[in-house]
Amino acid sequence: MNVIHEVLSNGDRYFIDSIPFASEIKAAVHELDHDSSPGPDGFGGWFYRKCWGIIDDMFLFCNGDKRNIKRLMKTLTEYQEASGQVISSVKSKCFVGGTTNTRKKTIAEECNMQLSTFPDKYLGVMLFPGKVKSSHVWGIVKQLQSYLAGWKGKMLAFQERLIFFCSIPVYNMSIYRCPRSVLKECEKIIRNFLWSGDPNVRKLITLKWDNVCSPLEEGGLGIKRLDIINRALLMNLAWNVQQGEDEWTLFLQAKFK
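Residues numbered from 1 in each chain as written. Predicted model: local features only at pLDDT ≥ 70, side-chain atom pairs only at ≥ 80, totals over all residues. Heavy atoms only, no water.

A.B. asks: An account of the overall build of the chain is requested, with residue identities and associated values reported.
C.D. replies: The number of helices and strands found in the chain is twelve helices and four strands. The buried share of the chain, taken over its 257 residues, is 26%. Restricting the contact set of the chain to residue pairs at least 6 apart, pairs at least 24 apart contribute 49%. Total accessible area on the chain is roughly 18,800 Å²; 57% of this is exposed by carbon and sulfur atoms. (Helix = DSSP H or I, 4+ residues; strand = E, 2+ residues; numbered from the N terminus. Buried < 20%, exposed > 50% of the residue type's maximum accessible area, 1.4 Å probe, protein only. Contact = heavy atoms within 4.5 Å. Areas by Shrake-Rupley, 256 points an atom, 1.4 Å probe, with all protein chains shown as cover.)

Okay, structure coming up:
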């Protein structure tokens, strides 16, 4: 390992993995172009700058008895008064488990929130109990197809289409292990777009995909296989959970050690 040149110092790695402060996030949001194009959620820079006080997302957990529900609602009220932010009950959701449907509805009414069930989406990530199934994360396939279809017919050169794959959204792959069928379909879309310029059109080629995904030094194009990216991101998450010093990692370390 001593023969490998160290590109990043320990300080650099800590800076990259560290969670930004709320003030830093707010400053970055307010630097967004007011007329920027909408993101995957459909909102542009103007929305986040104007509605910053009501767009903070979080998960809260508590026991479902009446006393704890009242304490939770009191805490939320005190938070609004202290921070000046407004909690939108219309956009809030209540998830309840381990009790009857009647009790679930009662808890949701006491929280003044709509009762929801899994699977559901939170910050672009699908939440669901149990093993990951293709149906749970098939949205990754649709997102990639929609992302590349927008550039169909733009007469992009081969090199320009190749550059596109450096910005493919892989955030969900850092959360859970994607089924092989999902990764295979995503690579099919990438392969079609690379050779034909259309994610839905297959072109007869003579170069194996394994060769395309080889490093540049070995005659390939340097494209990373999605399965390798998925495993690398999960290994990074596991490392952060075991070795991290942030509040959320310390909580998990204390709970499961």
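A.B. asks: Give a description of the packing of aromatic side chains that names residues and reports values.
C.D. replies: According to the stated counting rule, one finds four aromatic pairs in the structure shown. Centre to centre, the rings of F95 and F118 are 4.6 Å apart; their planes meet at 15°, and the pair counts as stacked. Separated by 23 residues along the polypeptide, F95 in the loop between β1 (93-94) and α5 (101-111) and F118 in the loop between β2 (114-115) and β3 (120-122) bring together distant segments of the chain. Judged by centre distance (5.6 Å) and plane angle (35°), the rings of F128 and Y176 are tilted. In this pair, F128 is assigned in the loop between β4 (125-127) and α6 (134-137) and Y176 in the loop between α8 (158-164) and α9 (180-196), connecting sequence segments 48 residues apart. Like Y176, F128 is buried. Feature note: the residues F59, F61, F95 and F118 constitute an aromatic cluster, connected by ring pairs. Stacked on the ring of W209, the Lys or Arg R191 has its end atom at 5.7 Å from the ring centre. (Phe/Tyr/Trp six-rings, centres within 6.5 Å; stacked < 30°, edge-to-face > 60°. Lys NZ or Arg CZ within 6 Å of the ring centre and 35° of its normal.)

A.B. asks: Outline α9, listing residues and values.
C.D. replies: The end-to-end C-alpha distance of α9 is 24 Å, a good match for the 24 Å that 17 residues give at a rise of 1.5 Å each. Looking only at α9, the buried set comprises V182, L183, C186, E187, I189, I190, N192, F193, L194 and W195. Looking one or two residues past α9, G197 carries a phi angle of roughly 85°, positive in sign. (Expected span 1.5 Å × (residues − 1).)

A.B. asks: Describe the side chain of E187, and please don't skip the residues or the numbers.
C.D. replies: Tracing the chain through its elements places E187 in helix α9. The class of E187 is buried, set by a relative accessible area of 9%. There is a polar contact of 3.0 Å between the side chain of E187 and the side chain of R225. Residue contacts for E187: discarding those within four places in its chain leaves W209, R225 and L226. (Polar contact = N/O pair within 3.5 Å; in protein donor to acceptor, adjacent residues only side chain to side chain.)

Interpretation in functional terms is not warranted from these geometric data alone.
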